[in-house]
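Okay, here's what each chain looks like letter by letter:
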Amino acid sequence: WALYPQPAGGEPGLLAQRYADARFQAPPAPAYLERRTQMSNQDDPDFRSDNFALRLTGYIHIILPGPYLLGSESDDDSRLYLDGVKIIDNSGRHPMLLRARWVWLGPGPHLLEVEYAQRDGGAGLKLLLRPPWRKGLAPVPLKSLTPTDQVYDRQQAEYLGARASTALVPLAALLL
């Protein structure tokens, strides 16, 4: 999988950056490894404040190709990007709200990015997945995630996604 930079370390999780405002404009705190795919102000002390943002980046590793249902359930804003393309936009002030989308995933690593913003009131974020062989959405398994070695800006992420899809075109032609 030479199309992607090698994930940092061998520990599962996502690279996280926390911002002191909900607009991603304040300088972020130092990056850390996030090992949760479900967070809420009821269970997690770091989710009990208002007006903050969180950016998570990493790779989701897919073994079996097929249709996957990816979901983001959040209280306030969340956006989910896969290989640099926004696939879920769950923006706005709202209570826990689920948005999900079917995507076809080939085997290998796929760049996953999540942007979450908490404004006020309740707070929560859940990353959900339904593989082709299962029924119902469930939390993304932590063991299928590895952090990136850096946080990519939108242009870098889109470039990585374009490289991955361009490389699949000749492979698909061989299968036809």
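Every value quoted in this text rests on a predicted model; they were computed, and no experiment measured them.

Definitions and cut-offs
- Residues numbered from 1 in each chain as written.
- Predicted model: local features only at pLDDT ≥ 70, side-chain atom pairs only at ≥ 80, totals over all residues.
- Heavy atoms only, no water.
- Helix = DSSP H or I, 4+ residues; strand = E, 2+ residues; numbered from the N terminus.
- Buried < 20%, exposed > 50% of the residue type's maximum accessible area, 1.4 Å probe, protein only.
- Polar contact = N/O pair within 3.5 Å; in protein donor to acceptor, adjacent residues only side chain to side chain.
- Contact = heavy atoms within 4.5 Å.
- Salt bridge = Lys/Arg side-chain N within 4 Å of Asp/Glu carboxyl O.
- Patch = residues over 30% accessible without salt bridge, like charges linked within 9 Å, V, L, I, M, F, W, Y side chains within 5 Å.
- Areas by Shrake-Rupley, 256 points an atom, 1.4 Å probe, with all protein chains shown as cover.
- Phe/Tyr/Trp six-rings, centres within 6.5 Å; stacked < 30°, edge-to-face > 60°.
- Lys NZ or Arg CZ within 6 Å of the ring centre and 35° of its normal.

Q: Looking at this model, I keep getting lost on the side chain of E34. Mind explaining?
A: Tracing the backbone through its elements, the reader meets E34 in strand β2 (residues 32-34). Taking the relative accessible area as the measure of exposure, E34 reaches 5% and is therefore buried. In this structure the side chain of E34 is engaged in a polar contact, spanning 2.6 Å, whose partner is the side chain of R36.

Q: Honestly, the environment of E11 in this entry has me stumped. Any pointers?
A: Relative to the helices and strands, E11 resides in the segment before β1 (14-19). Judged by its relative accessible area of 44%, E11 falls in the partly exposed class. Along the chain, E11 and R35 lie 24 residues apart, while their C-alpha atoms are 9.1 Å from each other. When sequence neighbours within four positions are dropped, the list of residues in contact with E11 reads L33, R35, L145, T146 and P147.

Q: Is there a simple way to explain the environment of H110 in this structure?
A: With respect to the helices and strands, H110 occurs in strand β9 (residues 108-118). For H110, a relative accessible area of 10% puts it in the buried group. Sequence separation between H110 and L160 is 50 residues; the distance between their C-alpha atoms is 9.5 Å. Of note is the side chain of H110, whose polar atom sits 2.8 Å from the backbone oxygen of G106.

Q: When you look at the pattern of salt bridges in this model, what are you seeing that I'm missing?
A: Pairs can form between side chains of opposite charge once their charged atoms are near each other. Within the structure shown, the criterion is met by nine salt bridges. Across the pair E34 and R36 runs a salt bridge whose closest N-O atoms are separated by 2.6 Å. Take R36: its relative accessible area is 21%, and that puts it in the partly exposed class. Measuring nitrogen to oxygen at the nearest pair gives 3.5 Å for the salt bridge that ties D89 to K86. Using a relative accessible area of 38% as the deciding quantity, one classes D89 as partly exposed. Given the relative accessible area of 39%, K86 is considered partly exposed. Each of the salt bridges in this network shares a partner with another, and the network as a whole consists of E34, R36, D44 and D46.

Q: I would appreciate a short explanation of a nonpolar patch on the surface in the present structure.
A: The grouping of I63, L64 and W133 at the surface amounts to a nonpolar patch, some 390 Å² of accessible area in total. In this structure, I63 sits in the loop between β4 (52-62) and β5 (66-75).

Q: Hey, could you run me through the packing of aromatic side chains in this one?
A: Two aromatic rings are characterised by how far apart their centres lie and by the angle between their planes. Within this structure, the stated rule accounts for five aromatic pairs. Ring geometry for Y19 versus F24: centroids 5.1 Å apart, planes at 65°, classification edge-to-face. Overall, the relative accessible area of 6% leaves Y19 in the buried class. Under the relative-accessibility criterion, F24 is labelled buried at 18%. Ring geometry for F52 and Y116: centres 6.1 Å apart, planes at 55°, overall tilted. Residue F52 is found in strand β4, and its partner Y116 is found in strand β9; the two are separated by 64 residues along the sequence. One Lys or Arg, R18, reaches over the ring of F52 and ends 3.8 Å from the middle of that ring.

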